[in-house]
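Letter by letter, the chains look like this.
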Amino acid sequence: MSGNAKSSADGAEIHDRGYRRYEGARSGVVGAVRSLVWQTIRSILGLGRPARHKVFPVIVVVIAALPAVVFLGVALLFRDLGDDSLVNYSDLFGFSVAPIMIYAAMVAPEALVRDRRDGMFSLYLSTPLTRPTYVAAKALAVLAVMMIIALGPVLLALVGYTVVGDGPDGVVEWFKVFFRLTAAGLVISAVLAAVSMAGSSVTDRRAFASVAVILVIFGGAIVSSILVDAADFSNTYALLDPMGTAGETATRILGESPEQGGSVSELSDIDTGVVFLGTAAWFAAGAGIVGYKYRKLEAT
Amino acid sequence: MQFGAQHALDSLDVDVQSGVTGLVGANGAGKTTLMSLVLGLRVPTAGQTRVLGLDPRTKGAELRAQIGYGPERNVLPQDMPASDFVKHMAEVRGMPRNEARGRASDALWLVGLGEERARALGTMSTGQRQRVKLAQAIASDPALLLLDEPTDGLDPVQRDEMLSLIRQVSREYGIDVVLSSHLLEEVERICDHIVALDAGRLVAQGRLDDLVGDEQGVVVELAETADQAQAFDDVVSRLSESRLEVRRGEVGSRIEVIGPDADLVADLVRDAVADANARVIRIERRRRRLEDLFAVGTP
């Protein structure tokens, strides 16, 4: 379509092209996934939405970052206490358990349930997106947001410790710690994202989905605690606790086992391979439920 | 296309041409199911579908990148500004980010929502939301536009405006449109082609001009009064004597008179009515309407 152009005496032109045909390149499935990931992240964090949608994510981020900030302050103020004043990274992951769980219960329901309830899921499937690419985009978005809570505080601590002179020795060591932290944060985020998305796949009510996620996470911890602590079953049953299992995997990745000065848990004496398998099983179970539910989900 | 034992679409052989095609039929006729097949969201139990030269089953993503779809359901996210939503859908359909922003704005201006583009969708009226659905469907410059009941919930004025917009999109920008509707009158107004469905079966398809329009002859409706019973029979008798085909209508006082020349038939009807001293309520050219297709198609 040709546009309208108005010329003035000095040669300036105002072009009003209006709606027109498009002959340029199209971004295809990759562009569709990228846009959906970004839009989902924006929706979860309340970006581009009224202020009330931003309150909860901000509060959770602040609560999650608080321990890291406090320990950084302690390290800065009481530097003469030496390394004893420093908390290790797996403990920092541990301090973030509550905000991570709350976030897990909030993030995936926001990302998945809304689309199914208001019909956006069907509209997305009328685009180059397919069920697998749609779910992959949502999973990437949920994982990215979970990483903010799971990894943000420990990375803040790493940078803070480095700035105050208590960080890893040398660049190589620093990057080693950085990659281990990233891997540990990724494992925790992936497990909780899978559990959270599974809970969000089984109901079309966001509140019910959040309750389902909390029940799985808390319920797993309670059941494993009863079996291991009260009923004196094998410590292997502690693998029924998804958060504990993912946390223990993070500890192993960070190399902060009790022998290396880390905290003791029911899973401390379980073989690393078994712990990793337990984590993989939780992830696979969550992903399997999501895949099954979305394969069956009707789109009109 | 079969759901369990029920055939949603049965023995359907449809060939859709360029322009605006109306997919008509009552609720449950299979219109939305047919659109789902076109989009590749459903797989036919038997048979083949080709859209824009592509098979939706094997080239679904590639095909859907060329289709703009406006669903019947109210799918708009409540707290999202219209411009963000349209831009996002344009990106998802393959527009580069910067291009999508401009095209979202252009599409919203085209549907008359340029001034409202920053408003949250949840605060918009039904008419505005229908326009947003049209804007998101055209923002990616589709080759084919599928609109499922685009005038649903609109008042007569809004419906006129929406139909004009759809016609404009097709005529000015050369975008082929398939729109579904259970309102035959609005389909007759803007469509070039018709696909009529009833209970999942094809009732008729073809150019609108071929399916509806003037036919040879006139329709006469006479006043039904106690003293006119004989007059009605007299009119029918006289016209039959003039070698015209006379059909008694479903309404007792209505007759259809068919002859080679509508003007001549009208003159003969006038004379017969005058001779029989009958009272005429209405006389008009005989015309086929879309309703007639369904009347013929219904067993």
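Residues numbered from 1 in each chain as written. Chains lettered and ligands numbered in written order. Predicted model: local features only at pLDDT ≥ 70, side-chain atom pairs only at ≥ 80, totals over all residues. Heavy atoms only, no water.

### Quick word on the overall build of chain A
- Looking only at helices and strands, one finds ten helices and two strands in chain A.
- For chain A, the α and β elements follow one another from N to C terminus as β-β-α-α-α-α-α-α-α-α-α-α.
- Counting all 300 residues of chain A, 46% fall into the buried class. (Helix = DSSP H or I, 4+ residues; strand = E, 2+ residues; numbered from the N terminus. Buried < 20%, exposed > 50% of the residue type's maximum accessible area, 1.4 Å probe, protein only.)

### Concerning the overall build of chain B
- A tally of helices and strands in chain B yields eleven helices and twelve strands.
- Buried positions account for 52% of the 299 residues belonging to chain B.
- A separation of at least 24 residues holds for 69% of the contacts in chain B among residues at least 6 apart in sequence. (Contact = heavy atoms within 4.5 Å.)

### Side note on the packing of helix α1 (residues 28–45) of chain A against helix α6 (residues 131–163) of chain A
Residues and elements named next belong to chain A.
- Close contact between α1 and α6 brings their axes to 8 Å; oriented N to C, the two are set at 40 degrees. Our classification of the angle between α1 and α6 gives oblique. In the crossing of α1 with α6, the sense of the turn from one axis to the other is right-handed. On α6, the residues that touch Val29, Val33, Leu36, Val37, Thr40, Ile41, Ile44 and Leu45 of α1 are Thr133, Tyr134, Ala137, Lys138, Leu140, Ala141, Ala144, Val145 and Ile148.
- Partitioning the contact of α1 with α6 into residue classes produces 14 nonpolar, two polar and one charged. (Axes fitted to C-alpha atoms, helices over the stretch in contact; angles between N-to-C directions. Parallel < 35°, antiparallel > 145°, perpendicular 65-115°, else oblique. Left-handed = near helix turned anticlockwise from the far one by under 90°. Nonpolar A, V, L, I, M, F, W, Y, C, P; charged D, E, K, R; others polar.)

### Focus on the confidence of the model for chain A
Residues and elements named next belong to chain A.
- Mean pLDDT over chain A: 86, with 89% of residues reaching 70 or higher.
- Looking at the elements of chain A, mean pLDDT is at its lowest for strand β1 (residues 4–7), recorded as 46, and at its highest for helix α10 (residues 272–296), recorded as 95.
- This model gives residues 1–7 a pLDDT under 50, and the stretch forms 16 contacts once residues within four places in sequence are excluded. (pLDDT = per-residue confidence, 0-100.)

### What to know about unusual backbone geometry
- At A:Asp232, a residue that is not glycine, the phi angle is positive and equals roughly 60 degrees.
- Here A:Asp232 shows up in the loop between α8 (206–230) and α9 (242–254).
- Phi at B:Asp141 is positive, roughly 50 degrees, even though this residue is not glycine.
- Under the relative-accessibility criterion, B:Asp141 is labelled buried at 5%.

### A closer look at the domain arrangement of chain B
Residues and elements named next belong to chain B.
- By the assigned domains, chain B splits into domain 1 (2–211) and domain 2 (213–297).
- Using C-alpha coordinates to define each centre, domain 1 is positioned 41 Å away from domain 2.
- Of the residues lining the interface, 13 residues belong to domain 1; the matching set on domain 2 comes to eight residues.
- Taken over both partners, the interface formed by domain 1 and domain 2 buries close to 910 Å², and the fraction arising from carbon and sulfur atoms is 69%.
- Of all residues in domain 1, Leu184, Glu188 and Leu211 bury the most surface against domain 2, accounting for 52% of the area lost on that side.
- Counting the contacts that link domain 1 with domain 2 gives zero residue pairs in polar contact (both at pLDDT 80 or more). (Domains from an automatic or database assignment. Buried area = accessible area lost by both parts, 1.4 Å probe. Polar contact = N/O pair within 3.5 Å; in protein donor to acceptor, adjacent residues only side chain to side chain.)

### Concerning the interface of chain A and chain B
- The partner chain B presents 42 residues to the 40 residues of chain A that form the contact.
- Carbon and sulfur atoms make up 51% of the area that chain A and chain B hide from each other, which totals about 3,500 Å².
- Where chain A touches chain B, the interface holds seven salt bridges.
- Residues B:Asp106 and A:Arg20 are paired through a salt bridge, measuring 2.4 Å at the closest nitrogen-oxygen approach.
- Where chain A packs against chain B, one counts 24 residue pairs in polar contact (both at pLDDT 80 or more).
- Secondary structure elements with two or more residues in the side of chain A that touches chain B: α1, α4 (97–118) and α5 (120–125) of chain A. (Salt bridge = Lys/Arg side-chain N within 4 Å of Asp/Glu carboxyl O.)

### Structural notes on helix α1 (residues 31–39) of chain B
- Counted residue by residue, α1(B) has eight buried out of nine residues, so it is predominantly covered.
- Backbone geometry just downstream of α1(B) places B:Gly40 in the positive-phi region, at approximately 80 degrees.

### Topic: the packing of aromatic side chains
- Inspection of the entire model under this criterion finds 13 aromatic pairs over all chains.
- Between the aromatic rings of A:Phe71 and A:Phe95, the centroid separation amounts to 5.3 Å while the plane-to-plane angle is 25 degrees, which identifies the pairing as stacked. Here A:Phe71 is found in helix α2 (residues 52–77), whereas its partner A:Phe95 is found in helix α3 (residues 89–95), with 24 residues between them in sequence.
- Overall, the relative accessible area of 40% leaves A:Phe95 in the partly exposed class.
- With a centroid separation of 6.1 Å and 55 degrees between ring planes, the pair formed by A:Tyr89 and A:Tyr161 is classed as tilted. Placement of the pair is A:Tyr89 in helix α3 and A:Tyr161 in helix α6, with a sequence separation of 72 residues. You'll find A:Tyr89 and A:Tyr161 in the same group, each marked buried.
- Members of the aromatic cluster, connected to one another through ring pairs, are A:Phe121, A:Tyr124, A:Tyr134 and A:Tyr294.
- The ring of A:Phe208 has A:Arg205 lying over it, and the distance from NZ or CZ to the ring centre is 5.1 Å.
- Sitting above the plane of the A:Tyr19 ring, B:Arg103 keeps its charged end 5.0 Å from the centroid. (Phe/Tyr/Trp six-rings, centres within 6.5 Å; stacked < 30°, edge-to-face > 60°. Lys NZ or Arg CZ within 6 Å of the ring centre and 35° of its normal.)

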